[in-house]
Structure formats: C-alpha cells, structure tokens
Amino acid sequence: MAPTNDSLSPSIDAFLAMSAVEKGLARNTVDAYARDLSALAEFLLARGISCWRDVDGSRLRGFLNSLRARGLSARSIARHVVTLRRLLMFLYGEGLIEENPLPKILLSPGPRKLPHALSSDAVRTLLLAPDPVEPLGARDQAMLELLYATGLRVSELVRLEMQQINFQGNYLTVKGKGSKVRAVPFGKWAREKIWSYLNHGRGQLLKGKDSPFLFINRSGKPLTRQGFWKLIRRYALAAGIEKRVTPHTLRHSFATHLLEGGADLRSVQSMLGHADISTTQIYTHIDGARLKKVHREYHPREQGGRGRGNGGVVE
C-alpha cells in the first residue's frame, strides 16, 4: 500500500514554481514537467518511497524501464530524462538530496528526428489557400505569411501583440523561451498581408471591442495554439499537400530555405531563438547540395587551372 505521507509533492511544486517564475519557461513546458513528475511520484510512492533522499539510480532505472514497458518512444523517454535531470539539479541545489543519482544511469540516446520541410512551391501553394476577401481568411493568410517569414514558434505567433510589431523597421520584438527577447525581421509579403488583415479583417472580428493581440478569433479573443493547428492542417489539405503539415513544419521550412539560400547558421539561430547553436545545426544535413556547389565553384583543386599562379596553385 502506498504511504500517505507524501513529501515528494512539495518539492515538485517548488521546482515547477521556480521553472515558471525564475526561469521564465513557457506554460506548455512547465505543464509537461508537471505531467512527467506526476508519473515519477506515482511510481515512487507505489514502491514505498516518499522521500527524495531515498531515491537512487536503481529506482530511476526502474521508472524509465516502466516507461519503456508502457510503449513510450525513445523521444518521449528522453524528454522524461531531461525533466528528471532538471528536477534533481534543483533538489541538489536546495540541499534536499546529497548527490544526484541520475548521472549513474547509462542511457542510449534515441535516434534524432530530422526536421521535415516543405518545398518552396508547396509553401507558396499553402500561403494562397486562405480566401483574403473574408476577415478570417485575411487573418489566416497573414498568420501563415508571418510564420513562414519569421520562423516563430506557434506559441509566439498566437500571443503576438500589436506593440511587438515595428512597421517602420519591418521587424518583430519577440519574447521566447526563458523570457529571452529577440528581434526578428519580416519581409514585404508578410507586411502586406498583415496590413490587409488590419484594414479589412481585424476590426470586423473585434466588433468594437479592444484587444492587444494581433490575431484574434470570432469572439475577439486571441487564437489558441490548438485552433491554429487545425487551421493549418485544413489549408494544407485544401492546397493538395499530402504530407502532414503543422505550424512547426513552416518553422522548419523557414530555416531550411534560409540556409539553402546562403544564410549563415548564426543568423538563423538568432531568428529562431535557439539558445544553443547545436539545436540549429540539425538543419545542416539538408544543405549538402549547396555546400557541394560552393566547393566545386571555389575550391582551387576543382577549378581546373583557373586559380592564380602555376597550374592554379595559389602562392
């Protein structure tokens, strides 16, 4: 029988509060932490463990094995490991455990899922799918154009406020993960569609109400992440795109097409809001064709004697 004296939950609650307030993590991230740690606490309590000091590497291995037994993917288990690592670092820092038992666990990393991007032609077809004559169509076209123009996360897109848009400089001021602020430029096409929506759609949706948010629904409230997911899937089907399309697909396409066009990795990292460039480097696998072309055109051994000096050798 599981013990009734649960001293695990207060520490979990403190960790979640710290993640939300001090670290400034997104609500969705904190909610994911809460779900993962609820499963962990349930597992430990069922085995008579109600104190973090009694948690060791074998118990954590057992928990991860239970996730595998439930059929969770390697990706999902890796997410649980990240949550565990951050909780245990917090507990160690607070003096609630004497050592961190997680490093003793040997974990084989699962295969990294490569991003899926649409072709430029498929993106153009998708962007033309909404009917801009209708207020909702004007809004949806502006959202799709802006998402592809900036590579925003869907949570950043739906919570975008009017004050974050600088039409003189054509850029957005975006607060991303960890409350980090970045400037993201957008081009003439996104600017045109946003203006069209502001002039011919947003006012009709507001119906005299006021809202700080750029994109709103029929009730004058900000569009939800789930609502936009449904919209983009519907427009993808209308555009005849057979592959599964999500808001993240356009974010991937934004990064992919910039790199294919010659953008440097650091610039793309900045626009995507990645804290670590290693996160952005996942896109480099798709850039091989362009790199080969650059190599053929500019490497002196590939130029057939076009280099300076004797036989193309640069002295």
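All values derive from a computational prediction rather than experimental measurement.

Before going further, it helps to examine the overall build of the chain. When helices and strands are tallied, the chain shows 14 helices and three strands. Relative to its 315 residues, the chain shows a buried fraction of 41%. Partitioning the contacts of the chain with sequence separation of at least 6, the portion at a separation of at least 24 is 57%. Taken as a whole, the chain presents about 18100 Å² of accessible surface, with 52% of it coming from carbon and sulfur.

Within the fold, His-257 resides in helix α11 (residues 247–260). Look at His-257 and you get buried, because its relative accessible area is 15%. Looking at His-257, its side chain comes within polar contact range of the main-chain oxygen of Leu-118, at 2.8 Å.

The next thing to look at is the packing of aromatic side chains. Inspection of the entire model under this criterion finds six aromatic pairs. Ring pairing ties together the aromatic residues Phe-15, Tyr-33 and Phe-90, which thus form one cluster. Seen from the ring of Phe-43, Arg-47 lies directly overhead, with NZ or CZ sitting 3.7 Å from the centre. The positively charged end of Arg-234 is found above the aromatic ring belonging to Tyr-235, 4.9 Å away from the centroid.

This part is about the sheet that holds strand β1 (residues 165–166). Ordered by their spatial adjacency, three strands build an open sheet running β1-β2-β3, and the pairing between neighbours is antiparallel. In the strand order of this sheet, the two ends are held by β1 and β3 (181–185), each with one partner. Of the pairings in the sheet, the one linking β1 to strand β2 (residues 171–175) comprises two bridges and is antiparallel in character. Bridging across to β2, Ile-165 finds its partner in Leu-172.

As a further point, take the confidence of the model for the chain. Here the chain averages 82 in pLDDT, and 80% of its residues register 70 or above. Throughout residues 1–5 the model reports pLDDT below 50, and contacts reaching past four residues in sequence, or to other chains, amount to six contacts.

With respect to the helices and strands, Glu-134 occurs in the loop between α5 (120–127) and α6 (135–150). Classification of Glu-134 by relative accessible area gives partly exposed; the value is 46%. Distance from Glu-134 to His-200, taken between C-alpha atoms, is 8.3 Å for residues 66 residues apart in sequence.

This part takes up the environment of Ala-238. Along the polypeptide, Ala-238 turns up in helix α10 (residues 225–238). Of the residues examined, Ala-238 reaches a relative accessible area of 62% and is grouped as exposed.

Quick look at the pairing of β3 now. Judged by which residues are buried, β3 turns out to be one-sided: Arg-182 and Val-184 face inward and are buried, whereas Val-181, Ala-183 and Pro-185, on the alternate face, are not. Of the pairings in the sheet, the one linking β2 to β3 comprises five bridges and is antiparallel in character. Residue pairing across strands places Leu-172 opposite Val-184, the latter belonging to β3.

This paragraph deals with the nonpolar core. Grouped together as the largest cluster of nonpolar side chains are 43 residues, with contacts concentrated most on Leu-146, Tyr-197, Leu-214 and Phe-228. Elements supplying a minimum of two residues to this core: α5, α6, α7 (154–158), β2, α8 (188–200), α9 (202–206) and α10. Ignoring any residue separated from it by four or fewer positions in sequence, one finds Phe-228 in contact with Met-143, Leu-144, Leu-147, Val-154, Leu-157, Val-158, Leu-223 and Pro-247. Among the nonpolar cores identified, the runner-up in size contains 29 residues, and Met-18, Leu-84, Leu-87 and Leu-91 belong to it.

Over its 16 residues, α6 runs 22 Å from end to end, which matches the ideal 22 Å to within 8%, given 1.5 Å per residue. By the criterion of burial, α6 is predominantly enclosed, with 14 of the 16 residues buried. Taken from the residues just after α6, Gly-151 is the one with a positive phi, measuring 70 degrees.

Over its 19 residues, helix α2 (residues 27–45) extends 27 Å from the first C-alpha to the last, a length consistent with the 27 Å expected when each residue adds 1.5 Å. Its buried side turned inward, α2 meets α1 (9–21), α3 (57–69) and α4 (74–93).

The tally for this structure, following the rule as stated, stands at eight salt bridges. With a shortest N-O distance of 3.2 Å, Asp-31 and Arg-27 are connected by a salt bridge. Taken as a pair, Asp-31 and Arg-27 lie in helix α2 at a separation of four residues, close to a single helical turn. What makes Asp-31 partly exposed here is its relative accessible area of 27%.

Quick notes on the rules
Residues numbered from 1 in each chain as written. Predicted model: local features only at pLDDT ≥ 70, side-chain atom pairs only at ≥ 80, totals over all residues. Heavy atoms only, no water. Helix = DSSP H or I, 4+ residues; strand = E, 2+ residues; numbered from the N terminus. Buried < 20%, exposed > 50% of the residue type's maximum accessible area, 1.4 Å probe, protein only. Contact = heavy atoms within 4.5 Å. Areas by Shrake-Rupley, 256 points an atom, 1.4 Å probe, with all protein chains shown as cover. Polar contact = N/O pair within 3.5 Å; in protein donor to acceptor, adjacent residues only side chain to side chain. Phe/Tyr/Trp six-rings, centres within 6.5 Å; stacked < 30°, edge-to-face > 60°. Lys NZ or Arg CZ within 6 Å of the ring centre and 35° of its normal. Pairing = 2+ DSSP bridges. pLDDT = per-residue confidence, 0-100. Core = buried A, V, L, I, M, F, W, Y, C linked by side-chain atoms within 4.5 Å. Expected span 1.5 Å × (residues − 1). Salt bridge = Lys/Arg side-chain N within 4 Å of Asp/Glu carboxyl O.

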